[in-house]
Number of protein chains: 2
Amino acid sequence: MDRSLQERLKPVLAEARSEKGRRLPSERELMTRFGTTRITLREALNALEAEGRVYRENRRGWFVSPPRLRYDLLACLPFHEMVRSQQRSARTLLLSAEEVSAPAVVARRLGIAEHAPVYRICRARLVDERRVLYVEHHLLPSCFPQILEFDLARESLTELYRREYGIRVGRVSYELGTCVLSSAGADALNAVRGSPAQRISRINHDQNGRAIDCDDEYWRHDAIELTLSAAPQGGEAIRTS
Amino acid sequence: MDRSLQERLKPVLAEARSEKGRRLPSERELMTRFGTTRITLREALNALEAEGRVYRENRRGWFVSPPRLRYDLLACLPFHEMVRSQQRSARTLLLSAEEVSAPAVVARRLGIAEHAPVYRICRARLVDERRVLYVEHHLLPSCFPQILEFDLARESLTELYRREYGIRVGRVSYELGTCVLSSAGADALNAVRGSPAQRISRINHDQNGRAIDCDDEYWRHDAIELTLSAAPQGGEAIRTS
DNA sequence: CCATCCAGCTGGTATAGACCAATTGAGCCA
DNA sequence: TGGCTCAATTGGTCTATACCAGCTGGATGG
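What counts and what doesn't
- Residues numbered from 1 in each chain as written.
- Chains lettered and ligands numbered in written order.
- Predicted model: local features only at pLDDT ≥ 70, side-chain atom pairs only at ≥ 80, totals over all residues.
- Heavy atoms only, no water.
- Buried < 20%, exposed > 50% of the residue type's maximum accessible area, 1.4 Å probe, protein only.
- Helix = DSSP H or I, 4+ residues; strand = E, 2+ residues; numbered from the N terminus.
- Pairing = 2+ DSSP bridges.
- Polar contact = N/O pair within 3.5 Å; in protein donor to acceptor, adjacent residues only side chain to side chain.
- Least-squares fit on C-alpha atoms with pLDDT ≥ 70 in both.
- Contact = heavy atoms within 4.5 Å.
- Axes fitted to C-alpha atoms, helices over the stretch in contact; angles between N-to-C directions.
- Domains from an automatic or database assignment.
- Buried area = accessible area lost by both parts, 1.4 Å probe.
- 1 Å grid on protein atoms, 1.4 Å probe; cavity = no way out; pocket = protein on both sides within 12 Å on 5 of 7 lines; lining within 4 Å.
- Points joined across faces, edges and corners; volume = space filled by probe spheres on them.
- Nonpolar A, V, L, I, M, F, W, Y, C, P; charged D, E, K, R; others polar.
- Core = buried A, V, L, I, M, F, W, Y, C linked by side-chain atoms within 4.5 Å.

**What about the pairing of strand 7 (residues 172-180) of chain B?**
Reasoning step 1: The buried fraction of strand 7 of chain B is high, at eight of nine residues.
Reasoning step 2: As defined by bridge partners, strand 10 (residues 224-230) of chain A adjoins strand 7 of chain B across five bridges and the pair is classed as antiparallel. Residue pairing across strands places Ala230 of chain A opposite Val172 of chain B, the latter belonging to strand 7 of chain B.

**As for the environment of Asn204 of chain A**
Residue and element names in this part refer to chain A.
Reasoning step 1: When you line up the elements, Asn204 lands in strand 8 (residues 196-205).
Reasoning step 2: Separated by 69 residues in the primary sequence, Asn204 and Val135 have C-alpha atoms spaced 15 Å apart.
Reasoning step 3: Within the structure, the side chain of Asn204 is placed 2.8 Å from the side chain of Asp213, a separation counted as a polar contact.

**Section: the relation of the copies chain A and chain B**
Superposing the two chain copies requires a rotation about an axis and a translation along that axis.
Reasoning step 1: When chain A is fitted onto chain B, the two copies agree to an RMSD of 0.0 Å after a turn of 180 degrees and an axial shift of 0.0 Å. Within this description, the copies of the chain are treated as partners about a two-fold rotation axis. Relative to the rotation axis, the C-alpha of Thr178 of chain A is the closest in chain A, positioned 3.8 Å from it.
Reasoning step 2: Taken together, the interface assignments show that 100% of the residues at the interface of chain A recur at the interface of chain B, consistent with an identical surface on both copies.

**Notes on the sheet that holds strand 7 of chain B**
Within a sheet, each strand pairs with its neighbour through backbone hydrogen bonds, oriented either parallel or antiparallel.
Reasoning step 1: With mixed pairing, the eight strands of this open sheet are ordered in space as 3(A)-10(A)-7(B)-8(B)-9(B)-6(B)-5(B)-4(B). The open sheet has two edge strands with one neighbour each: strand 3 (69-72) of chain A together with strand 4 (90-101) of chain B. On average, each strand axis in the sheet is tilted by 20 degrees relative to the strand beside it, whichever way the strands run.
Reasoning step 2: When strand 5 (residues 117-127) of chain B meets strand 6 (residues 130-139) of chain B, the two strands line up antiparallel, connected through nine bridges.

**Things to note about the domain arrangement of chain A**
Residues and elements named next belong to chain A.
Reasoning step 1: Once the domains are mapped, chain A shows domain 1 (3-64) and domain 2 (69-227).
Reasoning step 2: Relative to domain 2, the C-alpha centre of domain 1 lies at a distance of 32 Å.
Reasoning step 3: Taken residue by residue, the interface counts eight residues in domain 1 and seven residues in domain 2.
Reasoning step 4: Approximately 710 Å² of surface area, both sides summed, lies buried where domain 1 meets domain 2, with 50% of it carried by carbon and sulfur atoms.
Reasoning step 5: Put simply, domain 1 and domain 2 have four residue pairs in polar contact (both at pLDDT 80 or more) between them.
Reasoning step 6: Taken together, the elements giving at least two residues each to the side of domain 1 that touches domain 2 come down to helix 3 (38-51) and strand 1 (54-57).

**Details of the layout of surface pockets**
Residue and element names in this part refer to chain B.
Reasoning step 1: Its boundaries defined by the atoms lining it, the second largest pocket holds a volume of some 450 Å³.
Reasoning step 2: Taken together, 20 residues form the lining of the second largest pocket, with Val105, Val106, Arg109, Ser201 and Asp216 sitting closest to its centre.
Reasoning step 3: For the lining of the second largest pocket, the elements supplying multiple residues, two or more each, are helix 5 (104-110), strand 6, strand 7, strand 8 (196-205) and strand 9 (211-220).
Reasoning step 4: Here the lining of the second largest pocket is composed, by residue class, of seven nonpolar, four polar and nine charged.

**Remarks on the nonpolar core**
Reasoning step 1: Grouped together as the largest cluster of nonpolar side chains are 93 residues, with contacts concentrated most on Trp219 of chain A together with Trp219 of chain B.
Reasoning step 2: The contact partners of Trp219 of chain A, leaving out residues within four places of it in the chain, are Leu69, Tyr71, Phe79, Met82, Val132, Leu133, Ala197, Gln198, Ile200 and Ile224 of chain A.

**Considering the sheet that holds strand 4 (residues 90-101) of chain A**
Reasoning step 1: Reading across from one edge, 4(A)-5(A)-6(A)-9(A)-8(A)-7(A)-10(B)-3(B) is the order of the eight strands in this open sheet, with mixed pairing throughout. One side of each edge strand has no neighbouring strand; the edge strands of this open sheet are strand 4 of chain A together with strand 3 (69-72) of chain B. Within this sheet the neighbouring strands show an average axis-to-axis angle of 20 degrees, counted without direction.
Reasoning step 2: The pairing of strand 3 of chain B with strand 10 (residues 224-230) of chain B spans four bridges and is classified as parallel. Its bridge partner being in strand 10 of chain B, Asp72 of chain B is matched across the sheet by Thr227 of chain B.

What follows is the structure, encoded as structure tokens:
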């Protein structure tokens, strides 16, 4: 990777940042402007993408990344509230909501039999009109009968749980890791299949500790920074050395 | 990206997994074996790297990734214990331990003036002899005088805090995100500068809530999966919709 | 005024070949 | 036996070119 090419691209990013579309010039234009080839240029852009400085939309072009959203795992704020509290705009698109048979992973997490019926809700979420998050929810139908008939694009699921079903979320279990976008995720985010992503999987339990639903969030990796603050568990204050 | 090339590479990974070095054949051999060019082959390998299936060591070659280590953020187990509890072997290399003047970020996190003296400890950590983690610690000298004289490669820092200074870690604040390895990190992990990484930054406070040290962990992104389980804070059980 | 169509542009993917730099292992020497 | 040198090998980076596929926006037609 030609490090100086990355450096030489930075003024281009600065310029794009101040344009309204935050869009970079086309690869071919940059290539000639910097006197290099498309392959070399794309390597530099890929490196900047890995750093989280630029991102691309499938076959549309390259854009400079906005500042990351801060996401407090323990605050458990609904998405729209979290986003608005950071002076950004939020929007949700409902992609699908249907009954499906539980995939193995979901069945294991919810403690039900594989292929048992579950409700699956897929949504895309936008921050400042940029698609940054693809979520798949799987709900236990026994807990939430007829939930698919509500307006799932506007309502917070937790709010529905509480208001319509009298269920409050108790313990939450997270699993986090880096991954790449599946084709469904890539389609939802206008991204290229295989783009790096941050996965946040969660299992929600009710007041009695029973798993009621789980969801998998796939964030564009440059869009968030996770935070978390806690006192050590179990009295003994040992930590990683 | 030729998806079928990635698919066709999978048997190669399976074969490499069973070899003792877990090493893939050289790029040039794979290129001729699959009748393609090096650039195309490398794109496929990069995609597999993003998926966490393979990784590379700088100028040494490609390797299949071992299973991810599970890292419970709230368990706060010392590294060696965490690794051994998962039937893997752990080792730590001390890279440097010295007094430096606090960089702006560190100063802010520790609540001290920029350029105030701090102790910096840099270590590389291995799991099953693979370098997976580069850590930079910054300690408040006022809390830990002469700590640099201990055997920092073998001792758990927290254990030292407790035994030698009577300090226990109270509240811990995390900040997580994806990033790429700096050159120091890449060197420490035998990685290529710019490899994708998972950052885990932490600020440790003592029993009285005063920041005593902070550290930045940079993990090879395919090496870990983070877990976390908690009940919502503040009574109200609201969660992201 | 709105829906449709299509050309042009953009990124996505691929081929072919070349030189550089670090690693590594074989072979040599003390 | 142990350390050193050096050549082969491997990945790192780059040039040059080509065709495909999807998005986009302007022209067209109802």
